[in-house]
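Structural overview
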Amino acid sequence: AQKVTQAQTEISVVEKEDVTLDCVYETRDTTYYLFWYKQPPSGELVFLIRRNSFDEQNEISGRYSWNFQKSTSSFNFTITASQVVDSAVYFCALLNTGKLIFGQGTTLQVKP
Amino acid sequence: DTEVTQTPKHLVMGMTNKKSLKCEQHMGHRAMYWYKQKAKKPPELMFVYSYEKLSINESVPSRFSPECPNSSLLNLHLHALQPEDSALYLCASTDRGRRVDGYTFGSGTRLTVV
């Protein structure tokens, strides 16, 4: 079965705190692709990152970083020094047989 | 142009109305998608078009009728909807040969059925 689990439904932090959003996936495929999307209140899903199953190198992009660990089937996302503009719903997703399978999403609220 | 444009942004319709949602992209993407998203839920796939042909229908009720008139345009025709069909409808596209690069999503149409 293909499945993505985001166990954290809602997270609330104060500005400048670091925050990690968890993502655990299940797949029997050896080749697969994982994504993170951000959905602000406006509704648009904004692509943040893609990672394929053969590339376990962690990635950093500004205040964002991602930790991909195949051994634990996890693809976690960390925001360093959070800002109010980071407030949004964040989705982790798995690409399988042409379908993008989303986790339930984590709502992040960053308070000033 | 790296956008997916959806119109209208908001739509209120009665249960006996017929309306259409429109999605347009000019990135040369040959795969286009309709997703439905209820409040506080992830997007759910409805339809997939590949090279203007319907390739996946996720058992969507016939009151939703998709159409792909050309490679840049995707419509979703609505008829006799129910209040529970109220949701955010998202369109997405991807380069079919490079699907793994990710999908580009529009900002959606917020539909309210009264």
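Each residue is numbered by its place in its chain's sequence as written, counting from 1. Written order decides the labels, with chains lettered from A and ligands numbered from 1. In view of the model being predicted, local features appear only for residues whose pLDDT reaches at least 70, and side-chain atom pairs are presented and counted only at 80 or more, with totals across whole chains, interfaces and linings using the full set of residues. Hydrogen atoms and water are omitted, and side-chain values are computed over all heavy atoms in the structure.

Moving on to the layout of surface pockets. Its volume calculated, the largest pocket comes out at about 500 Å³. A cavity here means a set of 1 Å grid points, computed over protein atoms only, where a 1.4 Å probe fits but cannot escape. A pocket is an open set with protein on both sides within 12 Å along at least 5 of 7 lines, and lining residues have an atom within 4 Å of a point. Forming the walls of the largest pocket are 23 residues, and the residues nearest its centre are Gln 39 and Val 89 of chain A together with Ala 39, Lys 40 and Lys 41 of chain B. Mapped onto the lining of the largest pocket, the elements with two or more residues apiece are strand S10 (88-96) and strand S12 (106-111) of chain A together with strand S9 (87-94) of chain B. Here the lining of the largest pocket takes three residues from S10 of chain A, the largest share from any one element. Charged means Asp, Glu, Lys or Arg here, nonpolar means Ala, Val, Leu, Ile, Met, Phe, Trp, Tyr, Cys or Pro, and polar covers whatever is left, Gly included. For the lining of the largest pocket, the per-class residue count stands at eight nonpolar, 10 polar and five charged. Taken as a whole, the second largest pocket encloses approximately 210 Å³ of empty space. Lining the second largest pocket are 14 residues; nearest its centre among them are Glu 44 of chain A together with Glu 3, Val 4, Thr 104 and Phe 105 of chain B. Segments assigned H or I by DSSP are reported as helices when at least four residues long, segments assigned E as strands when at least two residues long, and all are numbered from the N terminus. At the level of elements, strand S6 (46-52) of chain A together with strand S1 (4-7) and strand S10 (104-105) of chain B are the ones that each hand at least two residues to the lining of the second largest pocket. Counting residues per element, the lining of the second largest pocket draws most heavily on S1 of chain B, at three residues. Taken together, the residues that form the lining of the second largest pocket break down as six nonpolar, five polar and three charged. Grid points are joined across faces, edges and corners, and a volume is the space filled by probe spheres set on the points.

Here the focus is the nonpolar core. For the purposes of this section, nonpolar cores are sets of buried Ala, Val, Leu, Ile, Met, Phe, Trp, Tyr and Cys residues that join through side-chain atoms within 4.5 Å. The rule is simple: take the accessible area with a 1.4 Å probe, protein chains only, and divide by the maximum for that residue type; under 20% is buried, over 50% is exposed, in between is partly exposed. Counting 24 residues, the largest nonpolar core has Trp 36, Trp 66, Phe 75, Phe 77, Tyr 90 and Leu 108 of chain A as the members making the most contacts within it. Broken down by secondary-structure element, the contributors of at least two residues to this core are strand S2 (10-14), strand S3 (19-21), strand S5 (33-39), S6, strand S8 (64-69), strand S9 (74-79), S10 and S12 of chain A. Residues are treated as being in contact if the distance between any of their heavy atoms lies within 4.5 Å. Those residues in contact with Tyr 90 of chain A, other than ones at most four positions away along the chain, are Gln 6, Leu 21, Trp 36, Tyr 37, Lys 38, Leu 48, Tyr 64, Phe 77, Ile 79, Gly 105, Thr 106 and Leu 108 of chain A. The next biggest cluster of nonpolar side chains, apart from the first, holds 22 residues, and it includes Met 13, Leu 21, Tyr 89 and Leu 111 of chain B.

Residue and element names in this part refer to chain A. By definition, disulfides here are pairs of cysteine sulfur atoms that lie within 2.5 Å. All chains considered together, the criterion is met by two disulfides over all chains. In this model, Cys 23 is linked to Cys 92 through a disulfide, with the two sulfur atoms separated by 2.0 Å. Disulfide Cys 23 to Cys 92: torsion about the S-S bond roughly -65 degrees, handedness left-handed. Here the residue Cys 23 occupies a position in the loop between S3 and strand S4 (24-26), and Cys 92 occupies one in strand S10, the gap between them amounting to 69 residues. No difference in accessibility class separates Cys 23 from Cys 92, as the two residues are buried.

Let us look at the environment of Phe 64 of chain B. Residue and element names in this part refer to chain B. Structurally, Phe 64 can be placed in strand S7 (residues 64-70). With 12 residues separating them in the primary sequence, Phe 64 and Leu 76 have C-alpha atoms 6.7 Å apart. Filtering out sequence-adjacent residues up to four positions away, Phe 64 remains in contact with Met 46, Phe 47, Leu 76, His 77, Leu 78, Leu 81, Asp 85 and Tyr 89.

Listed per partner, the contact involves 19 residues of chain A and 20 residues of chain B. Any carboxyl oxygen of Asp or Glu within 4 Å of a side-chain nitrogen of Lys or Arg constitutes a salt bridge here. Applying the counting rule to chain A against chain B returns one salt bridge. Between Lys 99 of chain A and Glu 58 of chain B there is a salt bridge, with the nearest N and O atoms lying 3.0 Å from each other. Whenever a nitrogen or oxygen atom comes within 3.5 Å of another N or O atom, the pair is scored as a polar contact, on the condition that within protein one atom can donate a hydrogen and the other can accept it, and that pairs from neighbouring residues in sequence are kept only if both atoms are in side chains. Our count for the chain A to chain B interface comes out at four residue pairs in polar contact (both at pLDDT 80 or more).

Let us now look at the packing of aromatic side chains. Any pair of Phe, Tyr and Trp rings, taking the six-membered ring for Trp, is counted once the centres come within 6.5 Å. Such a pair is stacked with planes under 30 degrees apart, edge-to-face with planes over 60 apart, and tilted for the rest. In this structure the tally under the stated criterion is 21 aromatic pairs over all chains. Pairing Tyr 37 of chain A with Phe 47 of chain A gives two aromatic rings, centres 5.9 Å apart and planes at 70 degrees, and the pair type is edge-to-face. A residue pair is termed long-range when its members are at least 10 positions apart, and Tyr 37 of chain A in strand S5 and Phe 47 of chain A in strand S6 qualify at 10 residues. Given a relative accessible area of 0%, Tyr 37 of chain A falls into the buried group. Ring geometry for Tyr 35 of chain B versus Phe 105 of chain B: centroids 5.6 Å apart, planes at 55 degrees, classification tilted. Separated by 70 residues along the polypeptide, Tyr 35 of chain B in strand S4 (residues 31-37) and Phe 105 of chain B in strand S10 bring together distant segments of the chain. In terms of burial, Tyr 35 of chain B and Phe 105 of chain B fall into one category: buried.

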